[in-house]
Amino acid sequence: SSAASDGYKRQIKDMSANQTGAFTIDRFSSSYGNIPDPVAWGLVDYIQKDVKIKQLHLVDCSLSDIGATAFSQAIGKNTCLKEIQLVNNKIGDVGAMALADSLKENQNVEEFDIDDNVIGDEGIASFSPVIAAHKSLTVFSASNNYFGDEVAGALVVEAKKNPKMKLLGIWNIYFTEEKKNQMKALANPISLYCRIGKLEGTKIVTDTYDMYLLNQWVSEQIGGKVTFKLLWQGSRDGFSASTFHTKCNGQGPTLSIGLSTFPKIFGGFTSHDWADWSGNGYKSDSTAFIFSLTHRIKCATQKIPVRYTLILAMVQRLVVVVTYILLIIAMPIHQVAHI
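Counting of residues starts from 1 at the beginning of each chain's written sequence and follows it residue by residue. pLDDT decides what is reported in this predicted model: residues at 70 or higher carry local features, side-chain atom pairs at 80 or more are listed and counted, and totals for whole chains, interfaces and linings draw on all residues regardless. For side-chain calculations, the full set of non-hydrogen atoms in the structure is used, while hydrogens and water are omitted.

Trainee: Residues and numbers for the pairing of strand E11 (residues 265-270), please.
Mentor: Burial classification: accessible surface area is computed with a 1.4 Å probe over protein chains only, and a residue below 20% of its type maximum counts as buried, one above 50% as exposed, and the rest as partly exposed. A run of DSSP states H or I qualifies as a helix once it reaches four residues; a run of E qualifies as a strand once it reaches two. Both are numbered from the N-terminal end. Of all the 6 residues making up E11, 5 are buried; the element is thus mostly covered by neighbouring parts of the structure. At least two bridges found by DSSP between two strands is the condition for calling them paired. Bridge count between strand E10 (residues 254-259) and E11: 6 bridges; the pairing is antiparallel. Note that in E11 the partner of Ser 256 across the bridge is Gly 268. Here E10 folds back onto E11 in antiparallel fashion, the turn holding 5 residues. Relative to strand E12 (residues 289-292), E11 is paired through 4 bridges, and the arrangement is antiparallel. Residue pairing in the sheet places Phe 266 in a bridge with Ser 292 of E12.

In structure tokens, the structure reads:
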């Protein structure tokens, strides 16, 4: 760890054009390289005292709460900092709260981007009062984290109090068209970076982050953006196999979502058409996966044949057990460009 810290220090000095004593560099950037916690702590004191950095970019560095807490000390003290990007790391609520304190201390930061981490409601909420009172902040982005629309709404309200703010990023939040227009009107003149909900009609998936996860998981499997159309809903259309196949056969890729009596939300995706099968026919699908929204996990590491007759029998058995409470939604998925 000490050697790694020394390596980063040499990198910083190389960028300083061999200046002596305290010096200033435009940007320190480390992308797609692991920065363990001890390395982060090893750099903090050096950055605070010996070098003044205008832009700090630590992207995809596996930076944890401990590492973020370490760098927060440097961020708070290094008043030359104007732009901070801590994108695609492993920062959670604890690290986020430390970073919020550092922004409160350092009023010279103009852009702060903490997209694609694992920050929940508590961590994101800690930024709200800081954003409202910050003297220089113009851009704050916390997209693709684990916070809900209530916290997002509070961020919008607080950001509106700051006349310097120009852009607020909350891309993981799925608003309805009406809600999105309300939030944009509330945020005006701040540009609000959010999106419209993609699962209209579902009675199961109501959490905005769950909607984001489903879109993200399916997009990763098919290699493109997706949109959804409700095909079949058990509570609306009935749970018979014939009704299911009438509405879902030949519709292309589908996402199925179920709600058990426990209650647990689960489901699966396949890129193949549903069809009427007899005997033991099956198809293999390298893009298929199953998931649990209750635990927010996707299981696609093992590829298994999709046996339609067996799956249908399991679905029918579940329907008998959970009666009318089980709701299953199947939705076709298409490339947005083809819509």
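Trainee: Please give an account of helix H3 (residues 65-77) that cites residues and values.
Mentor: Helices are assigned an expected span. That span is 1.5 Å times one less than the residue count. With 13 residues, H3 should cover 18 Å at 1.5 Å per step; its first-to-last C-alpha distance of 19 Å lies within 8% of that length. Gly 67, Ala 68, Ala 70, Phe 71, Ser 72, Ala 74, Ile 75 and Gly 76 are the residues of H3 that are buried. Definition of a polar contact: a pair of N or O atoms within 3.5 Å, with one able to donate and the other able to accept a hydrogen when the atoms are protein atoms, and with sequence-neighbouring residues admitted only if both atoms are side-chain atoms. The distance from a side-chain oxygen at the start of H3 to the backbone nitrogen of Ile 66 is 3.2 Å, and the residue carrying that oxygen is Ser 64.

Trainee: I'd love a proper account of the pattern of salt bridges, names of residues and values included.
Mentor: Pairing between side chains of opposite charge can happen when their charged atoms approach one another. Throughout this description, the term salt bridge denotes a Lys or Arg side-chain nitrogen within 4 Å of a carboxyl oxygen of Asp or Glu. Following the criterion strictly, the structure yields 4 salt bridges and no others. The residue Arg 236 makes a salt bridge to Asp 237 at a minimum N-O spacing of 2.9 Å.

Trainee: An account of unusual backbone geometry is requested, with residue identities and associated values reported.
Mentor: Cis geometry is adopted by the peptide bond preceding Pro 189, which originates at Asn 188 and carries an omega value of 10 degrees. With omega at 0 degrees, the peptide bond leading from Phe 262 into Pro 263 counts as cis. Relative to the helices and strands, Pro 263 is located in the loop between E10 and E11. Of note in this structure, Asn 88 is not a glycine but carries a positive phi near 60 degrees. Looking at the secondary structure, you find Asn 88 in the loop between strand E3 (83-85) and helix H4 (93-105). Its identity as a non-glycine residue notwithstanding, Asp 116 has a phi of 60 degrees, on the positive side. Position of Asp 116 relative to the elements: it lies in the loop between strand E4 (111-113) and helix H5 (121-125). Judged by its relative accessible area of 27%, Asp 116 is partly exposed.

Trainee: Could you give an account of the packing of H3 against H4, with specific residues and numbers?
Mentor: Where H3 meets H4, the axes come as close as 8 Å, and the angle between the chain directions of the two elements is 0 degrees. As summarised for this structure, H3 and H4 are arranged roughly parallel, according to the angle between their axes. Facing H3, whose interface residues are Asp 65, Ala 68, Thr 69, Ser 72, Ile 75, Gly 76 and Lys 77, H4 presents Asp 93, Val 94, Gly 95, Ala 98, Leu 99, Ser 102 and Glu 105. For the contact of H3 with H4, a count of residues per class yields 5 nonpolar, 5 polar and 4 charged. Helix axes use the C-alpha atoms of the stretch in contact, all axes being lines fitted to C-alpha atoms, and the angles between their N-to-C directions lie in the range 0 to 180 degrees. Convention used here: angles under 35 degrees read as roughly parallel, angles over 145 as roughly antiparallel, angles from 65 to 115 as roughly perpendicular, and any remaining angle as oblique. We call two residues in contact when some of their heavy atoms are within 4.5 Å. Note on residue categories: nonpolar means Ala, Val, Leu, Ile, Met, Phe, Trp, Tyr, Cys or Pro, charged means Asp, Glu, Lys or Arg, and polar means any other residue, Gly included.

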